[in-house]
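# Descriptive analysis of the structure
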Amino acid sequence: MVTLAAKDLSLNEVHHLLNLQRRDGQPFSDLLSLEPVTETEQQDLRQIRDDFGDYLNVGRVLEGQIQFLVVAPLLRLAGFYRLPIYISLEQGIAPIEILDEDTKITGRMDLLAARQDNLTRLWVLVLETKNSASEALNGLPQLLTYAFTSLEQQQSVWGLTTNGLSYRFVYLQAGDPATYHIMPELNLIDDDRALQLLQILKAVRMV
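Throughout what follows, the structure given in this document is the object of discussion. (Residues numbered from 1 in each chain as written. Predicted model: local features only at pLDDT ≥ 70, side-chain atom pairs only at ≥ 80, totals over all residues. Heavy atoms only, no water.)

### Topic: the pairing of strand β9 (residues 166–173)
Of all eight residues making up β9, seven are buried, and the element is well covered by its neighbours. What sits between strand β8 (residues 156–162) and β9 in their antiparallel hairpin is a turn of three residues, with G164 showing a positive phi close to 95 degrees. Note that β9 and strand β11 (residues 186–187) share two bridges and pair antiparallel. Directly across from S166, in β11, lies its bridge partner N187. Pairing of β9 with strand β10 (residues 178–182), which is carried by four bridges, proceeds in the antiparallel orientation. The residue bridging Y171 from the neighbouring strand is H181, located in β10. (Buried < 20%, exposed > 50% of the residue type's maximum accessible area, 1.4 Å probe, protein only. Helix = DSSP H or I, 4+ residues; strand = E, 2+ residues; numbered from the N terminus. Pairing = 2+ DSSP bridges.)

Shown next as structure tokens:
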């Protein structure tokens, strides 16, 4: 059996090996209930943006720095640190075996935010981080592979890939074939899109 690393897969390989198909995108409002952002939350969001901007002015920001400077503060602000949601870092996925292809896919996701209620594990958000010089969607093949594993336990899952500035949410749904939607791009630079980013994170937490 051939073993492949998820980080080395192309998007075409992910589509083929996982029998996964892309569907036309949907507005966030079709999938989530968005609530207003408070003035205090807006101030915190601006501080996250300004802190990250200071690092960007110096040069390329690495993946680990992005996780500390942006991802962790955003998740805290959106309420992801509150139980019953549990954050896991650098968690390996169970090997995905594609028997028809005699292939096994392995990998390790950057971050998993999972709700744990009444001993039921619900995957809420799978997040893949790239450095600031990379396009956020460069993380899409990995993200889809990691999020796909959760469809054995539930009907849908949210994923997010980011380079710190650009944020691309992906919504996966179980089926034959399983499908995914790439949602509209959000960012930290434009006030409206940054506010929507926080709204989306808060709404995903409540799914």
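Resuming the write-up.
### Some details on the nonpolar core
By size, the foremost hydrophobic cluster in this structure holds 37 residues, and its most contacted members are F80, L125, W158, F169 and L201. At the level of secondary structure, the elements contributing two or more residues to this core comprise α3 (39–58), α4 (63–77), β6 (108–117), β7 (120–129), β8, β9 and α6 (191–205). Those residues in contact with W158 that sit more than four places away from it in its chain are F28, L31, L32, V124, L125, V126, F169, V170, Y171, M183, V204 and V207. By size, the runner-up hydrophobic cluster in this structure holds 28 residues, among which are L17, L18, I93 and A178. (Core = buried A, V, L, I, M, F, W, Y, C linked by side-chain atoms within 4.5 Å. Contact = heavy atoms within 4.5 Å.)

### Considerations on unusual backbone geometry
Between L83 and P84 the backbone carries a cis peptide bond, its omega angle lying at 20 degrees. Structurally, the position occupied by P84 is in the loop between α4 and β3 (85–92). Here the bond from D176 into P177 is cis, since omega is 10 degrees, no more than 30 degrees from zero. Inspection of the secondary structure puts P177 in the loop between β9 and β10. Positive phi outside glycine occurs at N19, with the angle close to 50 degrees. As for its placement among the helices and strands, N19 is situated in the loop between α1 (11–18) and β2 (20–23).

### Remarks on the pattern of salt bridges
Evaluated as defined, the whole model comprises six salt bridges. K7 serves as the salt-bridge partner of D8, at 3.4 Å between the closest nitrogen and oxygen. One exposure class covers both D8 and K7, and it is exposed. Its salt-bridge partner being E39, residue R46 comes within 3.3 Å of it at the nearest N-O pair. The exposure class assigned to E39 is partly exposed, which follows from its relative accessible area of 43%. Linked through salt bridges whose partners overlap, the residues forming this network are R49, D50 and D191. (Salt bridge = Lys/Arg side-chain N within 4 Å of Asp/Glu carboxyl O.)

### A word on the packing of α3 against α4
For the pair α3 and α4, the least separation of the axes is 10 Å and the interaxial angle reads 175 degrees. Taken together, the axes of α3 and α4 are roughly antiparallel relative to one another. Where α3 approaches α4, its residues E41, D44, L45, I48, F52 and Y55 are matched on the opposing element by Q65, I66, L69, V70, P73, L74, R76 and L77. Looking at the contact of α3 with α4 residue by residue, the classes come out as ten nonpolar, one polar and three charged. (Axes fitted to C-alpha atoms, helices over the stretch in contact; angles between N-to-C directions. Parallel < 35°, antiparallel > 145°, perpendicular 65-115°, else oblique. Nonpolar A, V, L, I, M, F, W, Y, C, P; charged D, E, K, R; others polar.)

### Quick look at the side chain of N131
Considering the arrangement of structural elements, one finds N131 in the loop between β7 and α5 (140–148). A polar atom in the side chain of N131 sits 2.9 Å from the backbone nitrogen of A133. (Polar contact = N/O pair within 3.5 Å; in protein donor to acceptor, adjacent residues only side chain to side chain.)

### A word on the environment of Q155
As for its placement among the helices and strands, Q155 is situated in the loop between α5 and β8. Classification of Q155 as exposed rests on a relative accessible area of 60%. For the pair Q155 and T145, spaced ten residues apart in sequence, the C-alpha to C-alpha distance is 16 Å. Beyond its immediate stretch of four places on either side in the chain, Q155 contacts L172, Q173 and A174.

In short, geometric facts, not functional conclusions.
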